[in-house]
Amino acid sequence: MVPVVTVLASTLDTGSAQYASRRAAMLAKLSELDAEQAKALAGGGPKYVQRHRDRGKLTVRERVELLIDPDSPFLELSALAGHGTGFPVGGSGVNGIGVISGTECMISASDPTVRGGSTNPWSLRKSLRSMQIAIENRLPLVNLVESGGADLPTQKEIFIPGGQIFRDLTRMSAAGIPTIALVFGNSTAGGAYVPGMSDYVVMIDGRSKVFLAGPPLVKMATGEESDDESLGGASMHARQSGLADFLATDEHDALRIGRSIVARLNWRKPGPGPACTPAEPANDPEELLGIVPEDLKVPFDPREVIARIVDGSDLDEFKPLYGTSLVTGWAALHGYPIGILANARGVLFSEESQKAAQFIQLANQIGVPLLFLQNTTGYMVGASYEQAGIIKHGAMMINAVANSRVPHLTVVMGASYGAGNYGMCGRAYDPRFLFSWPSAKSAVMGPAQLAGVLSIVGRQAATARGEPYDEEADAAMRAMVEEQIEAESQAFFLSGRLYDDGVIDPRDTRSALGMCLSAIDGAPGPTGRPDGAGAGPAAGPGLAGASRYGIFRM
Amino acid sequence: MISCLLVANRGEIARRVFRSCRAAGITTVAVFSDPDAGAPHAAEAGRAVRLPGASSAETYLNAEAIVAAALAAGADAVHPGYGFLAEDPGFARRVLAAGLVWVGPPPEAMEAMALKIEARKRAAAAGVPVLPELDPGSVTRFPVLVKASAGGGGRGMRAVFAAGELDEAIESARREAQGAFGDGTVFCEPLLTGARHIEVQVLADQAGTVWALTERDCSVQRRYAKVIEETPSPAVGPELRERLLSAAAALARAVGYVNAGTVEFLVADDGEFYFLEFNTRLQVEHPVTECVHGIDLVALQLAIAEGRALPAHPPAATGHAIEARLYAEDPAEGFRPSGGPVHALAVPGVDSAFGLPPGPVGQGGSRAPFLRLDSGVEPGTDVSTHYDAMLAKVIAWAPSRDEAARRLAAGLAGTRIAGPATNRDLLVSVLHDPVFAEGRADTALLGGYDFAALLPAESACRISAAAAAVAAAAENRRSARVVASIPGGWRNVVSQPQLTSFAGPRGRIDVRYHWTRTGITIADAAAEPPLPEPPAAEPTVAAFAPGHVTLEVAGVRYWFGITRAGAAVWVDSALGSVRLTLLDRLPAPEPVTESGSLVAPMPGSVTRIAAGPGDKVLAGQPVLVLEAMKMEHQIVAPASGILAELRVGIGAQVNAGDVLAIVTAAEPEETGERQ
């Protein structure tokens, strides 16, 4: 790439009271994030962790840390899965992208200290999401298996959709994405099909237990007397059934074998690789803490964020004078060229929508991934805007986002309300990765607006019926609705429901996105095509963009 | 006039001679064995001739091949160095017969002094005091020393403290002498405990001028091999010096000596001295003499060989010089020789190599202390276990003895050595030893040495391991093939520190550290779970890279140099040098070594087998003998039982860790008969 230098000039006053209070507010949110993550880190709690250790076993995070290359980065995904659902935070497992023997892999590891590592509806969603990421980005999948199977009381949420796990395992294999199972303990009943459907299976002598039915069930079914070892012991599977390809002597040995399997995958990423040498931002990423206002109603300049996450703080703005409520431009992140769309003043007007649609088409023309930095209250409402065609212009933007084929990354920095969530590539628009900052909120509209709308509707209904409106009840309703919507808009809540891939510290944004861009480089083809094929002629080798969109209503 | 000279030797002495040749404008020829094909001495010479083979007998002891090499390379002179053929009159005659100049004494003089038994007679005849020679059959007073008549360098020498040990010592000395020198003759003499080893350098020209230069004190020895040498001796006053030098000169004259030689004496604590032997060659420790007299002994050897005359008197001595021999050996493991590649060797503040630094020398010359390095190896050299284990000599000169010792100790302590284990820490320790400092070191100094005390301190090990871990982390990031620009160890959910473990001199060391937004923080190794913030005593990382790390410990910054070769790590700093082994995080399961295995402790060849398959052996009983570095190592049965398997034969070359034999527990005999 020919170097073009268009460095952003930051005007952030780090000595100001505003900066200090915004930073304090963000740090408070980050300590909440720490507290939530601590729940996931604690696994099943001290008692079960100790019992697990007493059995001579490594914890799930120790396993993951030993599996990946020393000192390599690890991008953990869906760490808050299950938050706010009544199930333990973390989805009873650790999933993420890590480097094993120099190869980026999707690691999916069950935590046996959390209710025996059993799968609850949120762990299932977490597993399926990590497999989707593995498929879309062609990441070899390494499962660290030790699970008691489905959480039986919620089996109705798990059993039928859970079949996708096995379907995707074999489809990955068919698509040429290797799947590896390291079986640390129980993997029985349905769980037995995880090793069963994997390309490589490692079992641990005296530890792994893989069978369709245990001794009691076999006794009930056929009257046969049996024991764990003869039904599903590692030695039996390595020597007799052939389900195990490698017999490890202990957990460390299993991890060692897993690393050696990956080392032999001869894995090469087809992507174009970084186009230029990565350069640190000129502005200190630490200052990202003092940018987002305490109140999301107050807009902020996303250029201050971009200046702290992209290479050399270099953003080449496109259409800087048109549709100024949306910043568009070209940059590089860890050496990968990207196009950025960032909300500047929250509201999207017709101009911003048309600018976005054009910019998305340009990125597709040249095959450059897009980064959406969300802080939007939605598309502008009001008679003059409706008359000027805000719907058709908004639809144009959503059309472009939906049909764009270059990889998308989304970060919810602040607000993500209304159709702005769609136009700025929210979850439903299948960005390859989506992260939230801790104070971000997503909802159909702001809590106060939503409560106000309900109040107005109720008042109109009462008036129509000719009844007096109960102001007291209205105030209580508004407070309750506001509180509920507020809670359900929070990043932690939505992350618990797998509506993002994780809540991240703003200071980690650059590293997280760098990990994502490197992963994307494994499958730069059109999103949704795991084989990476179909690169358009305009795209050259590697990334391919869309050449077809829905009809743009002009 | 010599125009082209072959050095029939290797290592540092070959390079030492080449240096003087170059200074004189003489073309140099090296010979090299197969293991030495890449050795510095072979690369340095103007011409080099291969001596096929590896063993000394095939190569550096192969007189015929060496003379042929000299002729092939167009040499007109041969310098033998020390060791190998240096004292072999047959070789000297062969050189002379080929029409080449022999840079050494006349073969007749060599012959007269070659056998210790003969030499003592000649010395006695010249009026030089000698120790009585004892008949091995009728020794009654112990201790005695068994010596090989043809010996040197401590080989074929055994101290015997009780009658019961004598026969085995004689037998073993005979075998070693036969193997090393081709002559198994041994004799006994009273062992003077507490005596000092003092020697006098002589130099004689063909016209009859004989120099006897200031005595050298070589009392610091291990297993009768010199470790530290100095001149002048702190134990010799002017009167004794005069007597020693006169005796040495008298003996040289008596045998018609020409060229450089050394007369060795034992000086008892009562001031009496006894002739030990006459070494008809240049000594390893000749540099200390060069340093105090301001002369080049090799240049003088060449001049004498060319028939030039020495001045009537040598330049007067000034100041004090001390030499330390850096060996590839592990003192804590019974001086077991070590080998393998030298990854780094750097002596700080070296002023000159193989000679004196330029500047005023000798009496009246007011020069600053200097450090001289005579090294046979360089980074990249593979130290072969086929030959002597000496890597280098480090020599310090200063106006006074304590200044010279300080300079030498500092130079050695600051030396970065990565590769074979060395005796460096022992050398530094001796130089700091009060007994040495007071000039009271005798040949028994190292006999009772506490080698465990040489281990680096626990805190030095721990802090050095922290530096090594951080350097390894930097190396891991530098060699990353993917996501290399993402910060090292980055986590969006932080769960635990990185853990790097080492095997250190005092046991396993676990280093835990966190990658932070600004660098690396060492976590408290003892805390469980690890503390998020390090306590004040933990080192903080000021800077780190694969080869060097700066740590701050209690407000003081230390610079660490780190050399890495596979899992081996050498950490050098002002806290000392610490050798670590990076432990594999996920070690492959141990191959099951059968219990009762006899494992080779080092590479070597099997020279003797004392038991056969099926034999009953007792715990501790020697089963076979391994020769490595010209030393015999007994491999003993680990337990009593039956020698079930013998996997090697005589002459087999084995590697460290090879299983040589297996002893199994004896089958309980069914008759149950007790004896």
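Residues numbered from 1 in each chain as written. Chains lettered and ligands numbered in written order. Predicted model: local features only at pLDDT ≥ 70, side-chain atom pairs only at ≥ 80, totals over all residues.

A separate point is the overall build of chain B. A tally of regular secondary structure across chain B gives 14 helices and 40 strands. Taken over the C-alpha trace, chain B has a radius of gyration of 27 Å; the compact-globule value for 675 residues is 26 Å, and the two agree within 12%. A principal-axis box enclosing the C-alpha atoms of chain B has dimensions of 85 × 80 × 55 Å. Classification of the 675 residues of chain B by burial places 51% in the buried group. Within chain B, contacts between residues at least 6 apart in sequence are counted, and of these 63% link residues at least 24 apart. (Helix = DSSP H or I, 4+ residues; strand = E, 2+ residues; numbered from the N terminus. Rg over C-alpha atoms; globule rule 2.2 N^0.38 Å. Buried ≥ 20, exposed ≤ 12 C-beta atoms within 10 Å, placed from the backbone. Contact = placed C-beta atoms within 7 Å.)

The number of helices and strands found in chain A is 19 helices and 16 strands. Relative to the globule expectation of 24 Å for 554 residues, the C-alpha radius of gyration of chain A, 25 Å, shows essentially globular dimensions. Along the first, second and third principal axes, the C-alpha set of chain A runs to 80 × 70 × 50 Å. Per-residue burial for chain A yields a buried fraction of 55% across its 554 residues. Long-range pairs, those at least 24 residues apart, make up 74% of the contacts in chain A between residues at least 6 apart in sequence.

Here we come to the sheet that holds strand β7 (residues 158-160) of chain B. Residues and elements named next belong to chain B. On the basis of which strands lie adjacent, the open sheet formed by 3 strands has the order β7-β6-β8 and antiparallel pairing. Of all strands in the sheet, those bounded by a partner on one side alone are β7 and β8 (186-190). The sheet shows a mean angle of 25° between the axes of neighbouring strands, taken without regard to direction. As paired strands, strand β6 (residues 144-148) and β8 are joined by 5 bridges and run antiparallel to one another. Across the sheet, V146 pairs through a bridge with C188, a residue of β8. (Pairing = 2+ DSSP bridges. Axes fitted to C-alpha atoms, helices over the stretch in contact; angles between N-to-C directions.)

Relative to the helices and strands, S479(B) resides in the loop between α14 (458-478) and β25 (498-504). The exposure class of S479(B) is exposed, given the 11 C-beta atoms found within 10 Å.

This brings us to the confidence of the model for chain B. Residue and element names in this part refer to chain B. Per-chain confidence: chain B averages 89 in pLDDT, with 94% of residues scoring 70 or above. Here residues 527-532 is modelled with pLDDT under 50, and outside its nearest four sequence neighbours on either side it reaches 6 contacts, counting other chains as well. Counting contacts from residues 668-675, a segment whose pLDDT is below 50, to residues more than four positions away or on other chains yields 0 contacts. Confidence estimates for the predicted assembly give a pTM of 0.86 and an ipTM of 0.94. (pLDDT = per-residue confidence, 0-100.)

So, about the interface of chain B and chain A. Much of the literature gives interface size as the accessible area that the parts lose upon coming together. Listed as interface residues are 24 residues of chain B and, on the opposing side, 35 residues of chain A. Looking at the side of chain B that touches chain A residue by residue, the class counts come to 11 nonpolar, 8 polar and 5 charged. (Nonpolar A, V, L, I, M, F, W, Y, C, P; charged D, E, K, R; others polar.)

What follows concerns helix α10 (residues 297-305) of chain B. Buried residues dominate α10(B), accounting for 7 of its 9 residues. The secondary structure elements touched by the buried residues of α10(B) are α1 (11-24), β4 (77-79), β5 (101-102), β9 (196-204), β13 (259-267) and α9 (286-293) of chain B.

What follows is about the packing of helix α16 (residues 447-465) of chain A against helix α17 (residues 471-489) of chain A. Residues and elements named next belong to chain A. Between α16 and α17, the least distance of the axes is 8 Å, while the angle of their chain directions is 145°. By crossing handedness, the relation of α16 to α17 is classed as right-handed. The residues of α17 that touch α16, namely those facing P447, A448, L450, A451, L454, S455 and G458, are D474, M477, R478, V481, E482, I485, E486 and S489. Residues belonging to the contact of α16 with α17 are distributed by class as follows: 8 nonpolar, 3 polar and 4 charged. (Left-handed = near helix turned anticlockwise from the far one by under 90°.)

Residues and elements named next belong to chain B. Read across the open sheet, the 8 strands follow the order β27-β26-β25-β32-β31-β30-β29-β28; overall the sheet is antiparallel. Edge positions in the open sheet fall to β27 (520-523) and β28 (540-544), since each of these has one partner strand only. If you compare each strand with its neighbour and ignore which way they point, the axes differ by 35° on average. Summarising the sheet, β25 and strand β32 (residues 576-582) pair through 2 bridges and their orientation is antiparallel. Looking at β32, one finds that A503 is bridged to T581. Taken strand by strand, α14 contacts β25, β26 (507-515), β27, β28, β29 (548-553), β30 (556-565), β31 (568-573) and β32, and its axis lies near 50° from that of β26.

All names here are of chain B. At their nearest, the axes of helix α4 (residues 89-97) and helix α5 (residues 107-114) sit 9 Å apart, and the two run at 170° to each other. On the basis of their axis angle, the class for α4 and α5 is roughly antiparallel. Of the residues in α5, those in contact with P89, A92 and R93 of α4 are P107, M110, E111 and A114. Tallied by class, residues from the contact of α4 with α5 come to 5 nonpolar, no polar and 2 charged. (Parallel < 35°, antiparallel > 145°, perpendicular 65-115°, else oblique.)

Moving on, we get to the nonpolar core. With 241 residues, the main nonpolar core has L182(A), A467(B), A468(B) and V470(B) as its most contacted residues. In terms of residue count, the dominant contributor to this core is α14(B) (13 residues). For L182(A), the residues in contact, after removing those within four places along its chain, are V142(A), L144(A), V145(A), V202(A), A254(A), L255(A) and G258(A). (Core = buried A, V, L, I, M, F, W, Y, C linked by C-beta atoms within 7 Å.)

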